[in-house]
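Survey of secondary and tertiary structure
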Amino acid sequence: MIADFLTNLTVLEALGTAFGVTQVLLARNNNVNNYLFGIVSILLGIYVLYHSKLYADILLSLYYFVMSIYGWVYWKFGKHKEEAPISGSTTQDHLKALGIVLGCFLLMAYWLRYHTNSDVPFWDAIVVAFAWAGMWLMAKRKLENWIYLNISNIISIPLLFYKGLYIYAGLTIFLFMVGTSGYLKWRSIVRNERQEKYNPAKGAVLK
């Protein structure tokens, strides 16, 4: 029975990984449908995380679920019922993101330390904090989402190895590499869009 359970858990972890890989590759390519694959990966991951006692990561997954729905709608329709473009984060955006990091870390660390049986409360909390901020920025289609997500990834990798979730650890290493590539690709897209809007010959901004 135990062997069957572990086998099933590994299968779900592998399936969640497959959908997660598809999601992040689509996100790297600025494809709005990345969120659909992400939602499936999230739901599979919640089950695996529950049995691994990574409770903060479950809350992170639920947050991802909500932000995935919000992000899909925002990417598709933006604020003016048209597709939202990639943009750089303003000072206000960064302050909000850092506020999310700090607030999330304090709340998660307290909850995990005193109200759960987690054996890695602070480690788990900091991973979640940066991931929450990164996901919020991605839903807003902000370039710097990749930076916050990669900070979360680099902290998460040793935690997942420690917990024996080797497939997810491998996925997170892959996500770190894709995150770096995604940042460079999105930055290139932003630069190209700016060049297309500006006509050097006429010296004016095209409408």
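In what follows, the structure referred to is the one given above.
Describing the pattern of salt bridges
If you walk through the whole model with that rule in mind, you get 2 salt bridges. Notably, a salt bridge pairs Asp 93 with Lys 142, separated by 3.4 Å at the nearest N-O pair. Taken as a pair, Asp 93 in helix H4 (residues 91–115) and Lys 142 in the loop between helix H5 (121–139) and helix H6 (145–162) lie far apart in primary sequence, 49 residues in all. Accessibility assignment for this pair places Asp 93 and Lys 142 in one class, buried. The salt bridge involving Asp 119 is made with Lys 163; its shortest N-O contact spans 2.8 Å. Taken as a pair, Asp 119 in the loop between H4 and H5 and Lys 163 in the loop between H6 and helix H7 (166–197) lie far apart in primary sequence, 44 residues in all.

Side note on the packing of H4 against H5
Packed helix pairs are specified by the crossing angle of their axes together with the interaxial distance, meaning the distance between the axes. Relative orientation of the contacting elements H4 and H5 amounts to 150 degrees, with a least axis distance of 8 Å. On the basis of the axis angle, H4 is roughly antiparallel to H5. When you trace H4 past H5, the crossing you get is right-handed. Where H4 approaches H5, its residues Asp 93, Lys 96, Ala 97, Ile 100, Val 101, Cys 104, Phe 105, Met 108, Ala 109, Leu 112 and Arg 113 are matched on the opposing element by Pro 121, Phe 122, Asp 124, Ala 125, Ile 126, Val 128, Ala 129, Phe 130, Trp 132, Ala 133, Trp 136 and Leu 137. Taken together, the residues of the contact of H4 with H5 sort by class into 19 nonpolar, no polar and 4 charged.

Section: the nonpolar core
Across soluble globular proteins, nonpolar side chains show a tendency to be buried alongside one another. With 50 residues, the main nonpolar core has Tyr 64, Trp 75, Met 138 and Tyr 148 as its most contacted residues. At the level of secondary structure, the elements contributing two or more residues to this core comprise helix H1 (2–28), helix H2 (34–51), helix H3 (55–77), H4, H5, H6 and H7. With 12 residues, the top contributor of residues to this core is H5. Apart from the residues within four sequence positions on either side, Tyr 64 is in contact with Ile 42, Ala 131, Met 135 and Leu 149.

Considerations on the packing of aromatic side chains
In total, this model carries 10 aromatic pairs according to the counting rule given. Both rings, one in Tyr 110 and one in Tyr 114, keep their centres 5.3 Å apart while their planes meet at 45 degrees; by these two values the pair is tilted. In this pair, Tyr 110 and Tyr 114 are both assigned in helix H4, 4 residues apart and thus about one turn of the helix distant. Ring plane angle 35 degrees and centroid distance 5.9 Å describe the contact between Trp 123 and Tyr 162, whose orientation is recorded as tilted. Pair noted here: Trp 123 is in helix H5 and Tyr 162 is in helix H6, with a separation of 39 residues, a long-range link. Ring-pair connections join several aromatic residues into one group, and the members of that group are Tyr 35, Trp 75, Trp 146 and Trp 186. Sitting over the ring of Tyr 114, Arg 113 keeps its end group 5.2 Å from the ring centre.

With respect to the environment of Ile 147
Looking at where Ile 147 falls in the secondary structure, it is placed in helix H6. Given a relative accessible area of 39%, Ile 147 falls into the partly exposed group. With 16 residues separating them in the primary sequence, Ile 147 and Ala 131 have C-alpha atoms 9.9 Å apart.

Some points on a nonpolar patch on the surface
Judged by side-chain polarity, Phe 161, Tyr 166, Ile 173 and Met 177 come together as a nonpolar surface patch covering roughly 420 Å² of accessible area. Take Phe 161: it is sitting in helix H6. On the basis of relative accessible area, Phe 161 is assigned to the partly exposed category, the value being 39%.

Points about H5
Taking 1.5 Å per residue, 19 residues should reach 27 Å; H5 reaches 27 Å between its end C-alpha atoms and fits that length. Counting buried positions along H5 gives 15 out of 19 residues, so the element sits mostly inside the fold. Arg 141 occupies a position one or two residues after H5 and carries a positive phi of about 60 degrees.

Some words on the side chain of Ser 68
Locating Ser 68 in the fold gives a position in helix H3. Side-chain polar atoms of Ser 68 contact the backbone oxygen of Tyr 64, separated by 2.7 Å. What Ser 68 contacts, discounting residues up to four positions off in sequence, is Tyr 35, Ile 39, Ile 42 and Met 135.

What counts and what doesn't
Residues numbered from 1 in each chain as written. Predicted model: local features only at pLDDT ≥ 70, side-chain atom pairs only at ≥ 80, totals over all residues. Heavy atoms only, no water. Salt bridge = Lys/Arg side-chain N within 4 Å of Asp/Glu carboxyl O. Helix = DSSP H or I, 4+ residues; strand = E, 2+ residues; numbered from the N terminus. Buried < 20%, exposed > 50% of the residue type's maximum accessible area, 1.4 Å probe, protein only. Axes fitted to C-alpha atoms, helices over the stretch in contact; angles between N-to-C directions. Parallel < 35°, antiparallel > 145°, perpendicular 65-115°, else oblique. Left-handed = near helix turned anticlockwise from the far one by under 90°. Contact = heavy atoms within 4.5 Å. Nonpolar A, V, L, I, M, F, W, Y, C, P; charged D, E, K, R; others polar. Core = buried A, V, L, I, M, F, W, Y, C linked by side-chain atoms within 4.5 Å. Phe/Tyr/Trp six-rings, centres within 6.5 Å; stacked < 30°, edge-to-face > 60°. Lys NZ or Arg CZ within 6 Å of the ring centre and 35° of its normal. Patch = residues over 30% accessible without salt bridge, like charges linked within 9 Å, V, L, I, M, F, W, Y side chains within 5 Å. Areas by Shrake-Rupley, 256 points an atom, 1.4 Å probe, with all protein chains shown as cover. Expected span 1.5 Å × (residues − 1). Polar contact = N/O pair within 3.5 Å; in protein donor to acceptor, adjacent residues only side chain to side chain.

Purely geometric stuff here, so don't read any function into it on its own.
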